[in-house]
Amino acid sequence: MKYYLIVGEASGDLHASHLMQSLKNMDKEATFRFFGGDLMATVGGTRVRHYRELAYMGFVPVLTHLPTILGNMRMCKRDILEWQPDCVILVDYPGFNLKIAKYVKSRTSIPVYYYISPKIWAWKEYRIKNIKRDVDELFSILPFEVEFFEGKHHYPIHYVGNPTADEVREFRRLEDRSQESEVDRQRPVIALLAGSRKQEIKDNLPAMLEATKEYKEDYRIVVAGAPGIEPSYYESFMRGSQAEIVFNQTYRLLANAHAALVTSGTATLEACLFRVPQVVCYETPLHWLFSFLRRHFLQVKSISLVNLIADRDVAPELVADTFSVANIKTELRKILDGPDRQAMLDGYDEVIRRLGDKKAPDEAARMIYQLLINRKKSV
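Residues numbered from 1 in each chain as written. Predicted model: local features only at pLDDT ≥ 70, side-chain atom pairs only at ≥ 80, totals over all residues. Heavy atoms only, no water.

The strand order S10-S9-S8-S11-S12-S13 describes an open sheet built from six strands, whose pairing is parallel. Sheet topology places strand S10 (244–247) and strand S13 (317–319) at the edges, where each strand pairs with a single neighbour. If you compare each strand with its neighbour and ignore which way they point, the axes differ by 25° on average. Relative to strand S11 (residues 257–262), strand S8 (residues 189–193) is paired through five bridges, and the arrangement is parallel. Across the sheet, the residue bridging to alanine 191 is alanine 260, located in S11. Helix-sheet contacts for helix H12 (residues 266–273) involve S8, S11 and strand S12 (278–282), and the interaxial angle to S12 is about 175°. (Pairing = 2+ DSSP bridges. Helix = DSSP H or I, 4+ residues; strand = E, 2+ residues; numbered from the N terminus. Axes fitted to C-alpha atoms, helices over the stretch in contact; angles between N-to-C directions. Contact = heavy atoms within 4.5 Å.)

In C-alpha cells, the structure reads:
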C-alpha cells in the first residue's frame, strides 16, 4: 500500500514515525511519502517537505510567512494527486491538515484518515462540520474524546490507546536501574518542568524556582531542560539558585521525583503515568485576556490532560489569575506528604485505568490496513 502522511510539528513527527513502523510491520509492501521530520525519514520513504517549513505559530509569524505556507499547501495538494496514494493520513496540525482533507475529499476518491484527532473540544468546535464532511476515519488518543465526538456530535471515532502511555511503559520496561544517572542520588527530588518553548520557560520557571527555594536543604530541585532549548537560555533564570538542570532525561527525572511543578501539556500526563504528585502551573502575560477567553470561549473547565481524562480535579491548576509564588508554595506543600498526596495518587490510578493498555500505533495501523484491504476487496 502507498501511504501519504502529513505532520506539522515535532510531536507529530514522533507519533507518525511510530505509526509508520507499525504499518511496515503489518504491510510488507508499505511505501511512504510525507510532509514530516527526521524520525519519519529514519523509518523510510520520501520526505517532500520538512515540518519546519510548515510550523509557524502566532498571528504575525503566520502572516509574515503566508506565501510560503500557501505554496507548501499547493505543493502538497499537487503531490497527492500525482502520487495517488491508497490513503492520506493526517496527524494533528488541523489548520493545515483540514484544508488538505477538504481538497482530497472534493477532488479524489482517496480515503482520508486522521490520527490524533484535532482538539476541537477545547477550541474551534465548529470544525466538526469539516471533519464530518472530509475525514473518513478518526483515530483518537484521548479516551474522553469518544463521548465528545460520538455522544455530542454523533460522529464515530476509534480510541486506539495513548502513545505517551506506551512510551512510559516502554521506558519502564527497558530502564536499567543499575546505571546511575545525574538524577539518581540520595535526596528526594522536586522536578520542575517549565515547558518546551522559550516563552513558557520565561513565564513559568522563575516562579517555580522561587517557590521551591525553601526546600533546597531537604530536596534536590532539578529542572528538566527542554529539547531544542540551549543551556545558556536557562542560565539567566537559574543564576544564584541551587537548582540543577538535566537534558534528555525527563523520563528518568520523573521516575525518581517525589513531586513536580509542571507547565500544562503532555508533561502533566507524563507525571501522572510516573505517579509523581504535581502542581500544574501556567502563567500567561495577559491574565485578564486568558481569564476572559476561558470563561467565554474555551469549551473545557481544565487545561491539564490529567484532569481532562479524569473528568475532575485530580491535580491543582494555577493558571493566569491564580498563578502566584504563594499559591504554588501552598499547593506544593500539600502534595509533599499527607492525605492530599495520597488522594492525587488514587486519582492517577483512575486516569491510568481509563487510558487502558492498547499500543496506539499498532492499533491504529491494524485498523487502517484492514480498512484498505476491505476497500480493495469491494472495488
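Here the narrative resumes.
Let us look at unusual backbone geometry. We note that tyrosine 93 has phi near 50°; this positive angle belongs to a residue other than glycine. Assignment of secondary structure puts tyrosine 93 in the loop between strand S4 (87–91) and helix H5 (94–107). Accessibility expressed as a relative area gives 18% for tyrosine 93, which makes it buried. Backbone geometry at isoleucine 116 places phi at a positive 70°, although glycine is not the residue there. Locating isoleucine 116 in the fold gives a position in the loop between strand S5 (112–115) and helix H6 (128–134). (Buried < 20%, exposed > 50% of the residue type's maximum accessible area, 1.4 Å probe, protein only.)

This part covers the sheet that holds strand S2 (residues 31–36). With respect to topology, seven strands assemble into an open sheet ordered S3-S2-S1-S4-S5-S6-S7, the strand pairing being parallel. Two strands bound the open sheet, and with one partner strand each, they are strand S3 (46–50) and strand S7 (158–159). Sheet topology note: the S4/S5 ladder contains four bridges and is parallel. Paired with valine 91 across the strands is tyrosine 115, a residue of S5. Relative to S2, helix H1 (residues 10–26) is tilted by about 175°, and along the sheet it contacts strand S1 (2–6), S2, S4 and S5.

As judged from the four bridges shared by strand S9 (residues 220–225) and S10, these two strands associate in the parallel manner. What sits directly across from valine 222, in S10, is glutamate 244. Considered for its hand, the β-α-β crossover made up of S9, helix H10 (residues 231–238) and S10 is right-handed. (Right-handed = clockwise from strand over helix to strand, strands pointing away.)

We now examine the packing of aromatic side chains. Within the structure shown, the criterion is met by 13 aromatic pairs. Both rings, one in tyrosine 113 and one in phenylalanine 139, keep their centres 6.3 Å apart while their planes meet at 85°; by these two values the pair is edge-to-face. Remark: phenylalanine 139 occurs in strand S6 (residues 137–140) and tyrosine 113 occurs in strand S5; sequence separation between them is 26 residues. One exposure class covers both tyrosine 113 and phenylalanine 139, and it is buried. An aromatic cluster is defined as three or more aromatic residues linked by ring pairs; in this entry it consists of Phe35, Tyr93 and Phe96. We note lysine 2 situated over the ring of tryptophan 83; from NZ or CZ to the ring centre the distance is 4.8 Å. (Phe/Tyr/Trp six-rings, centres within 6.5 Å; stacked < 30°, edge-to-face > 60°. Lys NZ or Arg CZ within 6 Å of the ring centre and 35° of its normal.)

Moving on to the packing of helix H9 (residues 198–212) against H10. Packing of H9 against H10 leaves a shortest axis separation of 10 Å and a crossing angle of 35°. The element H9 and its partner H10 pack so that their crossing is right-handed. Contact residues: H9 offers Lys198, Ile201, Lys202, Leu205, Pro206 and Leu209, while H10 offers Tyr233, Tyr234, Phe237 and Met238. Looking at the contact of H9 with H10, its residues break down into eight nonpolar, no polar and two charged. (Left-handed = near helix turned anticlockwise from the far one by under 90°. Nonpolar A, V, L, I, M, F, W, Y, C, P; charged D, E, K, R; others polar.)

With that out of the way, let us pick up the pattern of salt bridges. Following the criterion strictly, the structure yields 19 salt bridges and no others. Residue aspartate 79 is joined to arginine 33 by a salt bridge in which the shortest nitrogen-to-oxygen separation is 2.7 Å. Separated by 46 residues along the polypeptide, aspartate 79 in helix H4 (residues 66–83) and arginine 33 in strand S2 bring together distant segments of the chain. In this structure, aspartate 79 and arginine 33 share a single accessibility class: buried. Put simply, arginine 133 and aspartate 134 hold a salt bridge, and the shortest N to O gap is 2.8 Å. Here the salt bridges do not stand alone but share partners, grouping Glu214, Lys329 and Arg333 into one network. (Salt bridge = Lys/Arg side-chain N within 4 Å of Asp/Glu carboxyl O.)

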